[in-house]
Structures are given as structure tokens and as C-alpha cells.
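Reading the structure
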Amino acid sequence: EGIGPFEGHLSDMYVFKEMVEVTVRSDVGLVYPPDGKGALVNRLGFEVYDTNGNLDCETLIQQKAIHFSHFRTSEAYRLGVFPIKEGDPSQNRGLAADVFMRDFKQQCL
């Protein structure tokens, strides 16, 4: 079942809120279930990698969307789990999302 046109203030957080509410069929506000297993939207971004480049497939396979925020991208780089080791992580976020999708297909599907 798809989500219809979104009305109101457009931001990634409101889109995720709408996605969660359509799925669970109740108002959740802007506070979601905790990140990790059981969360519909993953806000940890690249922190789902471990330091060896392996993804947490058990958690990811249950989720409907992943949010690669600027903050979590910087955190993933600081923790050594960002999938691109060279350059500025904020400048490589889009490329890293492509790497994530490749890794997800190879490791989790």
C-alpha cells in the first residue's frame, strides 16, 4: 500500500512520520520507536555497519527506510564505520549511500 501525496511542511522527518503512521495506523508524532530491531525507520544511517564493513542485516531487513543524516554521517565517520574512508564524509554522503545499497543487496538479500 503506497503513501499518498504528503500535505503540509515537507522535511525528511515529516515524511518518515507519515510513513510510520500509515504503516502502524496510528499517530506517532515525531517520536518513533527506538532505533534498532523493530523500528520502521532507521535513523542510525551508516552506523548499521560494523568496523569490518558488515551490515546488521537482521535489523535492516525489517525496516522500511533509512535516514542518512548529516549528524549520523559524521558520527559513523568518527566511529570508523563510514563506508568511504577518504575525504570529507559530508561531501561523500551520496556516494556512500550508493555503496550502502550495493552492500545491502550483496549482504542482506
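Description of the structure in this document. (Residues numbered from 1 in each chain as written. Predicted model: local features only at pLDDT ≥ 70, side-chain atom pairs only at ≥ 80, totals over all residues. Heavy atoms only, no water.)

**So, the pattern of salt bridges**
Evaluated as defined, the whole model comprises three salt bridges. Here E75 makes a salt bridge to R78, at a shortest N to O gap of 2.9 Å. Here E75 pairs with R78, and both are found in helix 3 (residues 70-79), just three residues apart, close to one helical turn. Accessibility expressed as a relative area gives 57% for R78, which makes it exposed. One salt bridge in this structure joins R102 and D103, with 3.0 Å as the shortest N-O distance. On the basis of relative accessible area, D103 is assigned to the buried category, the value being 8%. (Salt bridge = Lys/Arg side-chain N within 4 Å of Asp/Glu carboxyl O. Helix = DSSP H or I, 4+ residues; strand = E, 2+ residues; numbered from the N terminus. Buried < 20%, exposed > 50% of the residue type's maximum accessible area, 1.4 Å probe, protein only.)

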